[in-house]
Amino acid sequence: MSRGAKRGLLGVIYLGFLSLGLPDGTLGVAWPQMHQTLALPIGLAGPLLLFVTLLAAGSSFASGGMERILGVGPMVMISCLLTAVGLALIGQAQNLSWLVVAAVPLGLGAGAVDAGLNGYVAKHYEARHMNWLHAFWGLGATLGPLVVASCLGSVEGWRSGYWWIAAIQLSFVAVFAVTLGWWRELPVRKIQAPGSEAMDGDEPVMGANSEAGVLSALVFTLYVGVEITFGLWIATSLVETRGATLGGAGFWGGAYFGSIALGRVLTGFVVERWGNRRVVSGGALVALVGAGLWLLPGPGWVGGLAVLLVGAGFAPIYPGMMHEVPRRFAPSAVQTMIGRQTSAAYVGGAVVPAGSGWLVQQWGAVGVSWLLLGGVLALIATIWRVNRLT
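Source: prediction; values computed, not measured.

So, how was this worked out
- Residues numbered from 1 in each chain as written.
- Predicted model: local features only at pLDDT ≥ 70, side-chain atom pairs only at ≥ 80, totals over all residues.
- Heavy atoms only, no water.
- Helix = DSSP H or I, 4+ residues; strand = E, 2+ residues; numbered from the N terminus.
- Expected span 1.5 Å × (residues − 1).
- Buried < 20%, exposed > 50% of the residue type's maximum accessible area, 1.4 Å probe, protein only.
- Axes fitted to C-alpha atoms, helices over the stretch in contact; angles between N-to-C directions.
- Parallel < 35°, antiparallel > 145°, perpendicular 65-115°, else oblique.
- Left-handed = near helix turned anticlockwise from the far one by under 90°.
- Contact = heavy atoms within 4.5 Å.
- Core = buried A, V, L, I, M, F, W, Y, C linked by side-chain atoms within 4.5 Å.
- Phe/Tyr/Trp six-rings, centres within 6.5 Å; stacked < 30°, edge-to-face > 60°.
- Nonpolar A, V, L, I, M, F, W, Y, C, P; charged D, E, K, R; others polar.
- Salt bridge = Lys/Arg side-chain N within 4 Å of Asp/Glu carboxyl O.

1. Structural notes on helix α3 (residues 45–61)
Here α3 spans 24 Å end to end across 17 residues, near enough to the 24 Å set by a 1.5 Å rise per residue. For α3, the set of buried residues is Ala45, Gly46, Leu48, Leu49, Val52, Thr53, Leu55, Ala56, Ala57, Ser59 and Ser60.

Okay, structure coming up:
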């Protein structure tokens, strides 16, 4: 494949992750208004997100077989179409049953493409592209909540926000349809240590079932669980504990994902020089500072600063840990580890937010603050151990 064709395909891959990120974070921004409109308990947001995430996990688990049958390009197009259908159904929801039905295409569409694109980029592109790929997810996850937040004051409120995002997803479907012929199999990249020549000998021998393999997957469970949970409750916490308006709280909900996206863009410029491990560990420490600040009482700007620090700190963790797999594990274990890490991420994204719903119901939004701090500390300890083992 020519260099120009490879870059064109990379643009399509970026767009695939932008479409993947658009629905993420929208529930947290819409929920303060949505649960009142539909007369639903405030804590129900956690179980709803659990249902969507479990469907995404199942779809991700089956993505390998789907990719072999359909190919990555068609799988991305179909996934985006399913997501658009789910979002449109949420916009029409009249009760809980509508939300449950809408969750099916939404979850199935999100999960199928995730593992496939992560594995494709880890094998064929450099570390900066993995960070920028996930930056596009962050861009989508920023735009989605901002679109919903901008619609909260309209006549239709949160409903019109979901209709707009569904329309955007349908436009992406059209792009994927006309570029299906761009997908080609690229040569697998050589494993490159930052600032050094490609590794020709001494391939890593660590297996997927080793302690490092188990803990590496656990990193994704912890990270995604905490990331999604915090994003889910930012707006509600700011409204209930800091007196923010719905629009202002929605802005910071979107800014959280925006800080993740911007952090990944910036990381892409330095990761080849600094290395995945250094930027991942440094990011986790920045997130710890933000988590501590989020616990402090104060006006809305204090909470806003904490949101930005947590998001910026989280930015390099997922792409850095994912791209490091070929350096940590034997070649035969790479795709297995990527699949396990993706599945572990969905487990964390399902279990932790669901538990947070119960926590908020019992203790209020402050319970999520302590969950955030504890989760970041556990994440730092696990990353440290994986680095020691590999």
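2. Looking at unusual backbone geometry
Even without being glycine, Ala39 reaches a positive phi, approximately 55°. Tracing the sequence through the fold places Ala39 in the loop between α2 (26–37) and α3. With a relative accessible area of 67%, Ala39 lands in the exposed category.

3. Examining the packing of α2 against helix α7 (residues 127–151)
The N-to-C vectors of α2 and α7 enclose an angle of 20°; their axes lie 8 Å apart at closest approach. Judged on the interaxial angle alone, α7 and α2 are roughly parallel. By crossing handedness, the relation of α2 to α7 is classed as right-handed. On the side of α2, the interface is formed by Thr26, Val29 and Ala30, while α7 contributes Gly144, Pro145, Val148 and Ala149.

4. A closer look at the environment of Gly313
With respect to the secondary-structure elements, Gly313 resides in helix α12 (residues 300–314). Taking the relative accessible area as the measure of exposure, Gly313 reaches 0% and is therefore buried. Taking the C-alpha atoms as reference, Gly313 lies 26 Å from Gly243; in sequence the two are 70 residues apart. Ignoring any residue separated from it by four or fewer positions in sequence, one finds Gly313 in contact with Gly283, Ala284, Val286 and Ala287.

5. Digging into the nonpolar core
Side chains of nonpolar character tend, in soluble globular proteins, to be buried together. Core analysis: the biggest nonpolar cluster contains 109 residues, and Met34 and Phe314 have the highest contact counts within it. If sequence neighbours within four positions are ignored, Phe314 has contacts with Tyr223, Val226, Glu227, Tyr256, Arg264, Gly283, Ala287, Leu372 and Val376.

6. Observations concerning the packing of aromatic side chains
The tally for this structure, following the rule as stated, stands at 10 aromatic pairs. Plain terms: the ring middles of Trp137 and Phe257 are 5.9 Å apart, the flat faces sit at 75° to each other, and that makes the pair edge-to-face. Taken together, the residues Trp137 in helix α7 and Phe257 in helix α10 (residues 246–274) connect sequence positions 120 residues apart. Taken individually, Trp137 and Phe257 each receive the classification buried, so the pair is uniform in this respect. Between the aromatic rings of Trp158 and Tyr162, the centroid separation amounts to 6.4 Å while the plane-to-plane angle is 80°, which identifies the pairing as edge-to-face. Pair noted here: Trp158 and Tyr162 are both in helix α8 (residues 158–178), with a separation of 4 residues, about one helical turn.

7. Regarding the packing of α2 against α8
Where α2 contacts α8, the axes come no closer than 9 Å and their chain directions differ by 140°. What the angle tells us is that α2 and α8 run oblique. On the side of α2, the interface is formed by Thr26, Leu27, Ala30, Gln33, Met34 and Thr37, while α8 contributes Trp158, Arg159, Tyr162 and Ile165. Of the residues in the contact of α2 with α8, the class split is 6 nonpolar, 3 polar and 1 charged.

8. Considering the pattern of salt bridges
Using the criterion set out here, one finds 3 salt bridges in the structure. Two residues, Arg385 and Glu211, come together in a salt bridge whose shortest N-O distance is 3.2 Å. Note that Arg385 is positioned in helix α16 (residues 366–389) and Glu211 in helix α9 (residues 211–241), a separation of 174 residues in sequence. For Glu211, a relative accessible area of 42% puts it in the partly exposed group. For the salt bridge of Glu324 with Arg327, the shortest nitrogen-to-oxygen distance reads 3.3 Å. Both residues of the pair, Glu324 and Arg327, count as buried. The network of salt bridges with shared partners includes Arg277, Glu324 and Arg327.

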